[in-house]
Amino acid sequence: MVKLYAISVLRRSDSATGDGTGTCILLKGSYDLQSVGFFQRGSVQEFLVFTSNMLVERTSPGVRKTVKENEYLCHVYVRNDGLAAVLVSDAEYPNRVGHTLLTKVLDDVTTQTEWKTANTETLRNYKSLDAFLMKYQNPREADALTKIQAELDETKIIMHNTIEAVLERGEKLDDLVAKSEGLSAQSKMFYKTARKTNSCCNF
C-alpha cells in the first residue's frame, strides 16, 4: 500500500569545518501515524525527527537523496539557501513524485513564511504541510506537478541502500541513537527493541 508517513521542513547551516556537514533546526513537521499503535506514536515521531535531522545534516546544499531503510524511503532535498525537506514514505511511493512534492513544499514555505528567522513556535500557524501530507497520500495527485518534474529529470537523485551508507566512515546508527539528546529514553528503548527483533523501526 502506498503511504506517506511524514514531511519535515528544516533549516540547515553549514559547519565551519568545511567537511560538508551542517547543523539543522526543525521548522515544521507533519505526521500521519494512524497505522502505528497509539502508545508507540510518540517514539516513532521522535525517531522520524531524529532521522530527518541526521539526513539533512549529512546532505550537501543543492543535493537530493533517496535513502532506503527496510521497506521505507526517506527522500531528502537541501536547497542551496539552506532550506531543506524530508519526506518519509513506504517503498512503493514513487521517487520522482516524492522529490517533486519536496520541491513544491519548499516553494510554499518560501512564499508563505519568513523561514530564515523562523522556528517551530513561529511556524505554529503554518498549516499547508498537513494539507500536502493528506493530499499527496495518493501519488496520482502529483499530476498537477508535472511542470516541476521536467526539472527533476535533469537532477541526479542519489540512492542509498541503507541509512548506514549516509553516515560518515566509522559512524554507526546505534551510536548516534545512544548519544542523541533529541530522543527520549523511551524512544531509545523502542529503537533497541525493534533492532533486536530485526524490524528496525517498523512504523
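Here, the structure is the one placed above.
What comes next concerns the included structure. The structure presented is a predicted model; accordingly, all values stated were derived computationally and were not measured. (Residues numbered from 1 in each chain as written. Predicted model: local features only at pLDDT ≥ 70, side-chain atom pairs only at ≥ 80, totals over all residues. Heavy atoms only, no water.)

1. Some details on the pairing of strand S4 (residues 72-78)
And then number 1: Taken across its 7 residues, S4 has 7 buried, putting it largely inside the fold.
And then number 2: What you see with S4 is no split at all: Tyr72, Cys74, Val76 and Val78 on one side and Leu73, His75 and Tyr77 on the other are buried throughout.
And then number 3: Note that strand S3 (residues 63-69) and S4 share 7 bridges and pair antiparallel. If you follow lysine 68 over to S4, its bridge partner there is leucine 73.
And then number 4: In this antiparallel pair of consecutive strands, S3 and S4, the connection spans 2 residues, and asparagine 70 shows a positive phi of 55°.
And then number 5: Two successive antiparallel strands, S4 and strand S5 (residues 83-90), enclose a turn made up of 4 residues, where glycine 82 displays a positive phi of approximately 100°. (Buried < 20%, exposed > 50% of the residue type's maximum accessible area, 1.4 Å probe, protein only. Helix = DSSP H or I, 4+ residues; strand = E, 2+ residues; numbered from the N terminus. Pairing = 2+ DSSP bridges.)

2. Some details on the pattern of salt bridges
Pairing is possible between side chains that carry opposite charge, provided their charged atoms lie close to one another.
And then number 1: Taken as a whole and judged by the stated rule, the model has 5 salt bridges.
And then number 2: Put simply, aspartate 32 and lysine 3 hold a salt bridge, and the shortest N to O gap is 2.8 Å. Of this pair, aspartate 32 sits in the loop between strand S2 (22-31) and helix H1 (41-57) while lysine 3 is found in the segment before strand S1 (4-14), placing the two residues 29 residues apart along the sequence. Exposure class is identical for aspartate 32 and lysine 3. Each is buried.
And then number 3: Here arginine 79 makes a salt bridge to aspartate 81, at a shortest N to O gap of 2.7 Å.
And then number 4: Among the charged side chains, a salt-bridge network with shared partners connects Arg79, Asp81 and Asp107. (Salt bridge = Lys/Arg side-chain N within 4 Å of Asp/Glu carboxyl O.)

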